[in-house]
Amino acid sequence: MGIRVVDLPFNESGWHFQSVQEELLSTDRDLHDTVVALRPHGRFIRRITAIDADENLQSLPSRGGKYSFEPNPTGLLDKVVARWQAPTSPCPGEVAIQVHAASINSKEVMNISEKSVTGVLSDQNLSLEVAGKVIDMGEDVSNVQLDANVMARVAPGVSGYATTDSRFVSPIPGNLTMAQAASIPVDYVTAYYALVHVGRPTRRDSVLVHAAAGSVGAVAIQLAKLYGARIFATADNSERWEWFVQQSRVFKRFLTQYLHPFTTTSRAPLEIMV
């Protein structure tokens, strides 16, 4: 007698016993069906089916499809691999989002290109932040509604849909586009936590932003400006210097070269460093 694994959703009840009984007592099941998933809407078995990869990739919907993208072992962004996602239902406290826009930051680009600090592909996820529409919710979700436009922290984000903890989901303000909202959950929250929640800047403070050419640094400059602080920034990206000069005083020097004058002789000593 063979062994058959029967997978059941833990957030459903009532029909379980009868379905499992029918599955185990049936005599017309294929003996090769060693893994079976029983759901209220059907019985699913594992099968390997030949497909035309090019034809299926061309038919991928722009949003809401059951697919996600993974980094290619070559480390090239234009060689990502599309994978079909199995249908899933949100668990209690989770939200399913139809992805309309996803943001990829520099860390993910380095990971994909295998140029991270460790020198290895440390993360297989493409994008950690998205914007889209709520298409399903688990139990105990109260901060968002079905069909609401939201932004969220997810993994992975470059996909047709994504499921994440409702605590990482927020409604999109009406004046933001989906693309703009997709840049907020990681970069803006990181900068806000460091500068506002921890630093608590005021108009009397001076703020030094390191690596201001990066996404978090650029956001920190905007937040510091919003709070009226005097801004100093370090950057080595000359393409963005014009924008930096408009927002702050920019310095292209090593830490020991630019930090000493401000901490010892500046009339406006640095109270906050980001």
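Described below are features of the structure shown in this document.

Parameters and conventions
- Residues numbered from 1 in each chain as written.
- Predicted model: local features only at pLDDT ≥ 70, side-chain atom pairs only at ≥ 80, totals over all residues.
- Heavy atoms only, no water.
- Pairing = 2+ DSSP bridges.
- Helix = DSSP H or I, 4+ residues; strand = E, 2+ residues; numbered from the N terminus.
- Axes fitted to C-alpha atoms, helices over the stretch in contact; angles between N-to-C directions.
- Patch = residues over 30% accessible without salt bridge, like charges linked within 9 Å, V, L, I, M, F, W, Y side chains within 5 Å.
- Areas by Shrake-Rupley, 256 points an atom, 1.4 Å probe, with all protein chains shown as cover.
- Salt bridge = Lys/Arg side-chain N within 4 Å of Asp/Glu carboxyl O.
- Expected span 1.5 Å × (residues − 1).
- Bend = angle between axes of the 7 residues up to and from the residue.
- Buried < 20%, exposed > 50% of the residue type's maximum accessible area, 1.4 Å probe, protein only.

### Quick look at the sheet that holds strand 3 (residues 42–45)
Working step 1: The 3 strands are arranged 1-2-3 in an open sheet whose pairing can be described as mixed. Across the chains shown, the open sheet's two edge strands, defined by having one partner strand only, are strand 1 (5–7) and strand 3. Averaged over all pairs of adjacent strands, the angle between their axes in this sheet comes to 25°, without regard to strand direction.
Working step 2: When strand 1 meets strand 2 (residues 35–39), the two strands line up parallel, connected through 3 bridges. For Val5, the partnering residue across the bridge sits in strand 2 and is Val35.

### Looking at a nonpolar patch on the surface
Working step 1: On the surface, a nonpolar cluster with roughly 280 Å² of combined accessible area is contributed by Ile3, Val5 and Val35.
Working step 2: Position of Val35 relative to the elements: it lies in strand 2.

### Quick notes on unusual backbone geometry
Working step 1: Phi at Asp140 is positive, roughly 65°, even though this residue is not glycine.
Working step 2: The residue Asp140 is located in the loop between strand 7 (129–137) and strand 8 (149–153) in this model.

### Some words on helix 5 (residues 184–199)
Working step 1: For helix 5, spanning 16 residues, the distance from its first C-alpha to its last is only 19 Å, which falls clearly below the expected 22 Å at 1.5 Å a residue.
Working step 2: At Tyr193, helix 5 is bent by approximately 35°, the largest bend along its length.
Working step 3: Within the span of helix 5, buried status applies to Ile184, Pro185, Val186, Asp187, Ala191, Leu195 and Val196.
Working step 4: Just downstream of helix 5 lies Arg200, where phi reads positive at about 50°.

### Observations concerning the sheet that holds strand 10 (residues 169–171)
Working step 1: Strand order in the open sheet formed by 5 strands is 9-6-7-8-10, and the pairing between neighbours is antiparallel. Looking along the sheet, the strands with just one partner apiece sit at the ends: strand 9 (161–165) and strand 10. For this sheet the average axis-to-axis angle between neighbouring strands, irrespective of direction, equals 45°.
Working step 2: With 8 bridges connecting them, strand 6 (residues 94–103) and strand 7 associate as antiparallel partners. Along strand 7, the bridge assignment pairs Val99 with Gly132.

### A word on the environment of Val209
Working step 1: Considering the arrangement of structural elements, one finds Val209 in strand 11 (residues 206–209).
Working step 2: Take Val209: its relative accessible area is 0%, and that puts it in the buried class.
Working step 3: The spatial distance from the C-alpha of Val209 to the C-alpha of Ala224 is 9.3 Å, given a sequence separation of 15 residues.

### Looking at the pattern of salt bridges
Working step 1: All chains considered together, the criterion is met by 1 salt bridge.
Working step 2: The partner of Asp165 in a salt bridge is Arg167, with the nearest N and O atoms 2.8 Å apart.

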